[in-house]
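Each chain is listed here by its residues.
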Amino acid sequence: MQESNIPLHIGLIMDGNGRWAKKRLMPRSFGHNSGMNAMIKVADRAKERGVKYLTVYTLSTENLNRPKEELEGLYDLFRGYFTKNVQKLYKKGAGVKVIGDISVLPQDVQKLLSDGVENSPEDADFTLIFAINYGARSEILRAVNTAVERGEKLDGKGLEALLYTAGIPDPDLIIRTGGEKRLSNFLAYQSAYAELYFTDVLFPDFDGNELDKALEEYACRERRFGKV
Ligand code: IPE
Ligand code: IPE
Ligand code: MG
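Values in this document were obtained by computation on a predicted structure and should not be read as measured data.

(A) Spotlight on the sheet that holds strand 1 (residues 9-13). If you walk across this open sheet you meet the six strands as 3-4-2-1-5-6, and the pairing is parallel. Of all strands in the sheet, those bounded by a partner on one side alone are strand 3 (95-99) and strand 6 (195-198). Each adjacent strand pair in this sheet contributes to an overall mean axis angle of 20°, direction not counted. Along the sheet face, helix 3 (residues 68-91) touches strand 2 (53-60), strand 3 and strand 4 (127-134) and points at about 165° away from the line of strand 4. Sheet strands touched by helix 7 (residues 208-220): strand 1, strand 5 (173-176) and strand 6. Its angle to strand 5, the strand with the most contacts, is close to 140°.

(B) Spotlight on the packing of helix 2 (residues 28-49) against helix 3. It is at 10 Å that the axes of helix 2 and helix 3 come closest, and there the two elements cross at 30°. Put simply, helix 2 runs roughly parallel to helix 3. Along this stretch, helix 2 crosses helix 3, giving a crossing that reads as right-handed. Here Arg 28, His 32, Asn 33, Met 36, Met 39 and Ile 40 of helix 2 lie close against helix 3, whose contacting residues are Glu 70, Leu 74, Leu 77, Tyr 81 and Asn 85. Its residues assigned to classes, the contact of helix 2 with helix 3 comprises six nonpolar, three polar and two charged.

(C) Representation of the site of ligand 2. Ligand 2 sits among Ile 13, Met 14, Asp 15, Tyr 57, Thr 58, Leu 59, Asn 63, Arg 66, Arg 176, Arg 182 and Ser 184. Within the side chain of Asp 15, one N or O atom sits 3.1 Å away from an oxygen atom of ligand 2. Within the side chain of Arg 66, one N or O atom sits 3.5 Å away from an oxygen atom of ligand 2. When the free accessible area of ligand 2 is taken as 400 Å², the share hidden by the protein chains comes to 78%. The pocket occupied by ligand 2, as judged from atoms lying within 2 Å of grid points, is the largest pocket. The element that contributes the greatest number of residues to the shell around ligand 2 is strand 2, accounting for three residues. Counted by class, the shell around ligand 2 contains four nonpolar, three polar and four charged residues.

(D) Representation of the packing of aromatic side chains within the structure. Under the criterion given, the structure shown has eleven aromatic pairs. Feature note: the residues Tyr 57, Tyr 134, Tyr 164 and Phe 186 constitute an aromatic cluster, connected by ring pairs. Across from the ring centre of Trp 20, 3.9 Å away, lies the NZ or CZ of Arg 24, which sits over that ring.

(E) View of the layout of surface pockets. Quantified by volume, the largest pocket comes out at close to 540 Å³. Along the wall of the largest pocket there are 28 residues; nearest its centre are Met 14, Asp 15, Thr 58, Asn 63 and Arg 66. Those elements giving two or more residues to the lining of the largest pocket turn out to be helix 1 (17-23), helix 2, strand 2 and helix 3. Among the residues forming the lining of the largest pocket, the class breakdown is twelve nonpolar, nine polar and seven charged. Size it by volume and the second largest pocket reaches roughly 190 Å³. Lining the second largest pocket are 13 residues; nearest its centre among them are Lys 97, Pro 121, Glu 122, Ala 124 and Thr 127. Per element, the largest residue contribution to the lining of the second largest pocket is three residues, and it comes from strand 3.

Thresholds, definitions, all that
- Residues numbered from 1 in each chain as written.
- Chains lettered and ligands numbered in written order.
- Predicted model: local features only at pLDDT ≥ 70, side-chain atom pairs only at ≥ 80, totals over all residues.
- Heavy atoms only, no water.
- Pairing = 2+ DSSP bridges.
- Helix = DSSP H or I, 4+ residues; strand = E, 2+ residues; numbered from the N terminus.
- Axes fitted to C-alpha atoms, helices over the stretch in contact; angles between N-to-C directions.
- Contact = heavy atoms within 4.5 Å.
- Parallel < 35°, antiparallel > 145°, perpendicular 65-115°, else oblique.
- Left-handed = near helix turned anticlockwise from the far one by under 90°.
- Nonpolar A, V, L, I, M, F, W, Y, C, P; charged D, E, K, R; others polar.
- Near = heavy atom within 4 Å.
- Polar contact = N/O pair within 3.5 Å; in protein donor to acceptor, adjacent residues only side chain to side chain.
- Areas by Shrake-Rupley, 256 points an atom, 1.4 Å probe, with all protein chains shown as cover.
- 1 Å grid on protein atoms, 1.4 Å probe; cavity = no way out; pocket = protein on both sides within 12 Å on 5 of 7 lines; lining within 4 Å.
- Sits in = over half its atoms within 2 Å of the grid points.
- Phe/Tyr/Trp six-rings, centres within 6.5 Å; stacked < 30°, edge-to-face > 60°.
- Lys NZ or Arg CZ within 6 Å of the ring centre and 35° of its normal.
- Points joined across faces, edges and corners; volume = space filled by probe spheres on them.

Right under this line is the structure:
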């Protein structure tokens, strides 16, 4: 694979944890645990392949309506990741970012997330971006309202500077696991020209080899950006 054909930024919609668990007659939380392990491996492979940004769709604004018990399980996974695994990421010269409105999360989780971002190496060569309580519609509305409050008329650059993803290049490739073919409110503005890759593989079964398959397909796509 040629370096130039590697996406700079990948967006990953990690779907199918619940169905994966159900097939095994296990609770949904078991699927989320396995999904977290898969995410850690996929992030390592992405970094190895030369990807610079990986945005993982971890919790959508709509997911916040799920049962309290399921959400608590997810928050525990965030606690685990941001106390233990994040250190391993730093050691590899990588860092983390968070996009979304985390102000509704439990206080201790908010603190762990912001410490995780703050303690990231400054010269990180790979950034793992967690989209948590993220929704493209609320991201855009928030930006527009900020501009209105400031009495500012927005152009493209102005709007982009007010999005959660300010300073992060647009995703080149969006991968969705779990068989559905939709974005579910993920990076709608930023993915205007992203290549889309859908696979039926349920997220806990998605691994480095599955990522490589997506990268191989991406490398064969012709991106024209409206030109001839
Ligand atoms: C994706 O898996 C993870 C989250 C949305 C938190 P799901 O929990 O949506 O799994 P399915 O789609 O029900 O199988
Ligand atoms: C999208 O998955 C959100 C995440 C993967 C975090 P959902 O399972 O919530 O999406 P829908 O409901 O199938 O559109
Ligand atoms: Mg789902």
